[in-house]
Amino acid sequence: MRHVCKILSPTAENLDLCADLLRDEAVIGVPTETVYGLAGNALCESSVRKIFEVKGRPLIDPLIVHFSSIEDAEVHVEFNQCARELAAQFWPGALTLILPKKASISDLVTAGLPSAAVRVPGHPVFRSLLERLDFPLAAPSANPFGYVSPTLAEHVESTLGDRILVVLDGGACDHGVESTIVDLRDPDAPKILRPGPISAEALGIQITDTPQTKTPEQTAQAAPGMLTQHYSPNTPIQLFSHGEQPNGVQGSDAIVYNTKPASSEPSADTFWLSESGDLAEIAHNLFMLIQKMDKASYTRLHVERAADEGIGVAINDRLSRAAAKRE
Ligand code: TXA
Ligand code: MG
């Protein structure tokens, strides 16, 4: 299909243009500090509908609403004390809170749930855009449903470029994995629905087990946690344990280590995500490398799991879903 999409540098003029497009109910690609988002006016049903259409996302999967400040968020969702404390500590930033919604947020955004996911993002370009608008922006990750999330404007252009007019370029996303989602509907029992850049340790919240039984309500509630197969490149992924070597490597496969291995399978191409083994750097580079390798013609990618701590929990969560077999 013909690509009509333009990647726009974040000049004041281009930010004004993007704000005008959003006022005209368009959806556009935007940079955030986690991954690129597919943004539209959260208070306009036709814009929200376009987000689902462009992404090919089922209407039962609710969207995150992005605000420029906690005060703006308080207009549309009910904060409790715990939410205020977490927001004060981590916003602007990679933390999404699930809170009871007010009537101004439509059922379309929340997939019929009485709660909404809200976040004040930290990326300066996204913030400049939000500050130009008098409405919040609903934005899922800007990938076709089920595919790897985008961490460069080019990723959005190459996968959704035939369906949107512009992607605002904010460079490579700092974190490289989606925000941590915390369910705060019961302020006495906060739950992490999706691990992310802000770790359970930093939040002081235990990660609870993902429920096995799925009512439609839970499916929507439990964030991507309920979708076992998600974030998947076209090339099959096989995981191997942290610090170990992969099994069954073929010549047309590639191996992705956390850091440069002391020795590796000589027959296959070898890559690593960080020189130092730093988990934040591994997260930052992960989707970028997987998107790049998905364009090469490897038969299989063997990817090393990360250490299961800090942002490594989020890395392993995304890797497990990327490696899950298609149903
Ligand atoms: O970092 C991020 O969170 C990125 C950037 C663009 O902000 N966004 C993102 O959105 O990852 P998305 O749509 O790909 O994932 C958000 C997940 C959804 O899959 C959904 O399950 C969950 O958040 N979610 C949204 N609203 C919810 C709600 N009311 N209750 C429970 N989960 C919700
Ligand atoms: Mg997503």
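Quick caveat, the model's predicted, so the values are computed rather than measured.

S.K.: Help me understand the packing of helix 10 (residues 279–295) against helix 11 (residues 312–323) in this model?
M.R.: Two quantities define a packed helix pair, namely the angle between the helix axes and the distance between the axes. Viewed as axis vectors pointing N to C, helix 10 and helix 11 meet at an angle of 20 degrees, and their least axial separation amounts to 9 Å. By the angle class used here, helix 10 and helix 11 are roughly parallel. Classified by chirality, the crossing of helix 11 by helix 10 is left-handed. Along the contact surface, helix 10 presents Leu279, Ile282, Ala283, Leu286, Phe287 and Ile290, while helix 11 presents Gly312, Ile315, Arg318 and Leu319. Its residues assigned to classes, the contact of helix 10 with helix 11 comprises eight nonpolar, one polar and one charged.

S.K.: Help me out: how do you make sense of the packing of aromatic side chains in this one?
M.R.: Two aromatic rings, taken as a pair, are described by how far apart their centres are and by the angle between their planes. For the structure shown, the criterion picks out three aromatic pairs. Geometrically, the ring pair formed by Phe79 and Trp91 is edge-to-face, given 6.1 Å between the ring centres and 80 degrees between the ring planes. Linking Phe79 in the loop between helix 3 (70–76) and helix 4 (81–90) with Trp91 in the loop between helix 4 and strand 5 (95–100), this pair joins segments that are twelve residues apart in sequence. An identical accessibility class is assigned to Phe79 and Trp91; each is buried. Each ring, one from Phe271 and one from Tyr298, has its centre 6.3 Å from the other, and the planes form 80 degrees; the classification is edge-to-face. With Phe271 in strand 13 (residues 269–274) and Tyr298 in the loop between helix 10 and strand 14 (301–304), this pair connects stretches of sequence that are 27 residues apart.

S.K.: Please explain the sheet that holds strand 12 (residues 254–259) as it appears in this structure.
M.R.: Note on sheets: strands pair through backbone hydrogen bonds, and any given pair is parallel or antiparallel. A sheet is described by the order of its strands in space; here four strands give the open sequence 11-14-12-13, paired in parallel fashion. Only two strands of the sheet have a single neighbouring strand rather than two, namely strand 11 (237–240) and strand 13. In this sheet, adjacent strand axes meet at a mean angle of 25 degrees when their direction is disregarded. Strand direction decides the pairing type here: strand 12 and strand 14, joined by three bridges, are parallel. In the strand pairing of strand 14, Ala254 is matched with Leu301. The strands that helix 10 touches are strand 11, strand 12, strand 13 and strand 14; relative to strand 13, the one it contacts most, it runs at about 145 degrees. Lying over the sheet, helix 11 contacts strand 11 and strand 14, oriented at roughly 135 degrees with respect to strand 11.

S.K.: Looking at this structure, I do not really get the domain arrangement of the protein. What am I missing?
M.R.: Assigned domains within the protein: domain 1 (6–203) and domain 2 (237–323). Every contact between the two is made by 22 residues of domain 1 and, on the other side, 16 residues of domain 2. Buried area between domain 1 and domain 2, both sides added, is near 1500 Å², and the carbon and sulfur share of it is 59%. Among the residues domain 1 hides against domain 2, the three largest losses belong to Val148, Val177 and Pro195. Together they make up 31% of the total. For the pair domain 1 and domain 2, the interface holds one salt bridge. In this structure, the salt-bridge partner of Glu178 is Arg318, at a minimum N-O distance of 2.7 Å. The tally of links between domain 1 and domain 2 comes to eight residue pairs in polar contact (both at pLDDT 80 or more). The residue makeup of the side of domain 1 that touches domain 2, split by class, is nine nonpolar, nine polar and four charged.

S.K.: Would you take a moment to explain the packing of helix 1 (residues 12–23) against helix 6 (residues 124–131) for this structure?
M.R.: Between helix 1 and helix 6, whose axes approach to 9 Å, the crossing angle comes to 55 degrees. Classed by the angle they form, the pair helix 1 and helix 6 counts as oblique. Two packed elements cross with a definite hand, and for helix 1 against helix 6 that hand is right-handed. Taking contact as the criterion, the partners of Leu15, Cys18, Ala19 and Leu22 in helix 1 are, on helix 6, Val125, Ser128 and Leu129.

S.K.: Hey, could you run me through the nonpolar core in this one?
M.R.: Most often, soluble globular proteins have nonpolar side chains that are buried together. Counting residues in each nonpolar core, the largest one holds 45 residues, and the members touching the most others are Phe79, Leu86, Trp91, Leu95, Leu97, Val182 and Leu203. For this core, the secondary-structure elements that each account for two or more residues are helix 2 (45–55), helix 4, strand 5, helix 5 (107–110), strand 6 (115–119), helix 7 (153–160) and helix 8 (200–203). Counting residues per element, this core draws most heavily on helix 4, at five residues. Residue contacts for Leu86: discarding those within four places in its chain leaves Trp91, Leu95, Leu97, Val182, Leu184, Leu203 and Ile205. In terms of nonpolar packing, the next biggest core, distinct from the first, is built from 26 residues, Ile237, Ala254, Ile282 and Ile311 among them.

Cut-offs applied
Residues numbered from 1 in each chain as written. Chains lettered and ligands numbered in written order. Predicted model: local features only at pLDDT ≥ 70, side-chain atom pairs only at ≥ 80, totals over all residues. Heavy atoms only, no water. Axes fitted to C-alpha atoms, helices over the stretch in contact; angles between N-to-C directions. Helix = DSSP H or I, 4+ residues; strand = E, 2+ residues; numbered from the N terminus. Parallel < 35°, antiparallel > 145°, perpendicular 65-115°, else oblique. Left-handed = near helix turned anticlockwise from the far one by under 90°. Contact = heavy atoms within 4.5 Å. Nonpolar A, V, L, I, M, F, W, Y, C, P; charged D, E, K, R; others polar. Phe/Tyr/Trp six-rings, centres within 6.5 Å; stacked < 30°, edge-to-face > 60°. Buried < 20%, exposed > 50% of the residue type's maximum accessible area, 1.4 Å probe, protein only. Pairing = 2+ DSSP bridges. Domains from an automatic or database assignment. Buried area = accessible area lost by both parts, 1.4 Å probe. Salt bridge = Lys/Arg side-chain N within 4 Å of Asp/Glu carboxyl O. Polar contact = N/O pair within 3.5 Å; in protein donor to acceptor, adjacent residues only side chain to side chain. Core = buried A, V, L, I, M, F, W, Y, C linked by side-chain atoms within 4.5 Å.

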